[in-house]
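# Residue-level structure breakdown
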Amino acid sequence: MLGRETGVLMHAGLSPGGELTDLRLRVVQRVGRFFPHYALRGPTYVFTLPERDQAGFDALRTLRDRALWSVARAADEAGEQVRAFFVALRRQTAFYLGWLNLRERLAAAGMAVCRPDPRADRDVFRARGLYDPCLVLRSGAGVVPNDVDTRGHRLLVVTGANHGGKTTLLRAIGLAQLLADAGGYVPATSLACSSATGVLTHWAREEDAGMRHGKLDEELARMSDLVDRVRPGSLVLSNESFSSTNEAEASQIGLDVFRALVDAGVRVVVVTHLYDLAETLHATGRPPAVFLRAERGADGERTYRLSAGPPLPTAYARDLYRREFGDDLPDDPEGLAGPPRVP
């Protein structure tokens, strides 16, 4: 593109010491319709190099390269800008194609998707038919949707039977918030929500195999990092946090942390089996919260639906024992398990 059959025309000046200065490339002007020629002003001087003057040709090549350097740099920068444009275009196109592919996969499984309704009001999250799209993509089949309405409160507490869909709902809320903030389709029948300045998670983890930290120390360290990065308007998802210690200590830590986050303008969704924690939040109403509970059928089967309800003092672990071992828990004639808890 930059080659010219007429060669290269350069401009240069001479310094008082006889050195070339201000070496620049010139554009050949064409005058007339049929016969191009160089339009130069003033007298023209021509110097012809002998055919075998290799040193002269090398010097001339050096001068040409100096004159072309600025043009080559501009061409390189232009090429890099064009390449960066197409890289960004490919990335952005893939983003939108991903939305369409996700919509088709979810629709093939019979699940609804919708465009979110962004709200300028803070602390709004109202979803109908909300579900976890990752679960649908893994199973290839439909899943049980749920409704969630925080009613303008910053704290949502989810309790209930083990394996009842609590963690799945927590993932569904986080993914719905991320997808809504990204401006794409949301896995729900309808969703109205405020934008979040960030979505942060605190999940229970396995024991540290390297034995560098105790499990509670590791949980507290991760929560400290989370608090350092959280901002007003963020969404924090807590799944069985502080479960590595006894219930009384874990509940007190959870109360202090979650109340402080809510007071700082952070929305918090808590999935917990800690009855002391959930019951204290429910009884005191500080901070105001919405409570959901995983449903359980009369025969112990899990419906994977969550409905409004206060926390219960049991997570129905007997159901899981019966499902795995085909029998109920053995009797405890000596009372080693302690007296049953009551609300």
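Keep in mind the model is a prediction, meaning the values are calculated, not measured. Numbering of residues starts from 1 in each chain and follows the order in which that chain's sequence is written. Only residues with pLDDT of at least 70 get local features here, since the model is predicted, and only at 80 or more are side-chain atom pairs given and counted; chain-wide, interface and lining totals rely on the full set of residues. For the side-chain quantities, the full set of heavy atoms in the structure was used; hydrogens and water were omitted.

### Overview of helix H3 (residues 166-182)
Where helices and strands are cited, they refer to DSSP runs of H or I of at least four residues and of E of at least two residues respectively, numbered from the N terminus. Multiplying one less than the number of residues by 1.5 Å gives the expected span of a helix. Across its 17 residues, H3 extends 25 Å between first and last C-alpha, which sits within 8% of the 24 Å expected from 1.5 Å per residue. Only protein chains enter the calculation, and the probe is 1.4 Å; a residue is then buried if its accessible area is under 20% of its type maximum, exposed if over 50%, and partly exposed in between. The set of residues buried in H3 consists of Lys166, Leu169, Leu170, Ala172, Ile173, Gly174, Ala176, Gln177, Leu179 and Ala180. A positive phi of about 85 degrees marks Gly183, the residue just after H3.

### A short note on the sheet that holds strand E9 (residues 235-239)
Pairs of strands are assigned from DSSP output, requiring at least two bridges between the strands. Reading across the sheet, the six strands line up as E8-E9-E10-E6-E11-E12 and stay open at both edges, with mixed pairing between neighbours. A single partner strand is all that each edge strand has here, and the edge strands are strand E8 (199-203) and strand E12 (302-308). Strand-to-strand twist in this sheet, taken as the mean axis angle between neighbours without regard to direction, amounts to 15 degrees. Of the pairings in the sheet, the one linking strand E6 (residues 155-160) to strand E10 (residues 267-271) comprises four bridges and is parallel in character. Following the sheet pairing, Val157 is matched in E10 by Val270. Each axis is a line fitted through C-alpha atoms, taken for helices only over the stretch in contact, and angles between the N-to-C directions span 0 to 180 degrees.

### What to know about the sheet that holds strand E7 (residues 190-194)
Read across the sheet, four strands follow the order E3-E7-E4-E5 without closing on themselves; strand pairing throughout is mixed. The sheet is open, and its two borders are formed by strand E3 (117-119) and strand E5 (146-149), each paired with just one other strand. Here the average twist between neighbouring strands, direction ignored, is 15 degrees. Sheet analysis places strand E4 (residues 125-130) next to E7, joined by four bridges and oriented antiparallel. Within the sheet, the bridge partner assigned to Arg126 lies in E7 and is Ala192. Note on contacts: a residue pair qualifies if any of its non-hydrogen atoms lie within 4.5 Å across the two residues. Running over the sheet, H3 touches E4, E5 and E7 and is turned about 115 degrees from E4.

### Let's talk about the packing of aromatic side chains
A pair of Phe, Tyr and Trp rings is counted when the ring centres sit within 6.5 Å of each other, with Trp represented by its six-membered ring. The angle between the planes then sorts it: under 30 degrees is stacked, over 60 is edge-to-face, the rest tilted. As enumerated under the stated definition, the model contains four aromatic pairs in all. For the pair Phe85 and Phe86, a centre-to-centre distance of 5.2 Å together with 75 degrees between the ring planes defines the contact as edge-to-face. For the ring pair Phe95 and Tyr96, a centre distance of 5.4 Å and an interplane angle of 80 degrees mean the geometry is edge-to-face. Residue class for Phe95 comes out partly exposed when judged on its relative accessible area of 38%. The structure contains a cluster of three or more aromatic residues connected by ring pairs, namely Phe95, Tyr96 and Trp99.

### Some details on empty space enclosed by the protein
Using protein atoms alone on a 1 Å grid, points that fit a 1.4 Å probe yet trap it form a cavity, whereas open point sets bounded by protein on both sides within 12 Å along at least five of seven lines form a pocket; residues with an atom within 4 Å of a point count as lining. Grid points are joined across faces, edges and corners, and a volume is the space filled by probe spheres set on the points. Inspection of every chain in the model, using the stated rule, returns three cavities of 30 Å³ or more. By volume, the largest cavity amounts to about 90 Å³. Taken together, Phe125, Val148, Thr150, His153, Arg154, Leu155, Leu156, Ile173, Leu235, Arg267, Val268 and Val269 make up the lining of the largest cavity. Of all elements in the fold, only E6 and E10 reach the threshold of two or more residues within the lining of the largest cavity. No other element matches E10, which puts three residues into the lining of the largest cavity. When residue character is reported, Ala, Val, Leu, Ile, Met, Phe, Trp, Tyr, Cys and Pro are called nonpolar, Asp, Glu, Lys and Arg charged, and the others, Gly included, polar. Looking at side-chain class alone, the lining of the largest cavity contains eight nonpolar, two polar and two charged residues.

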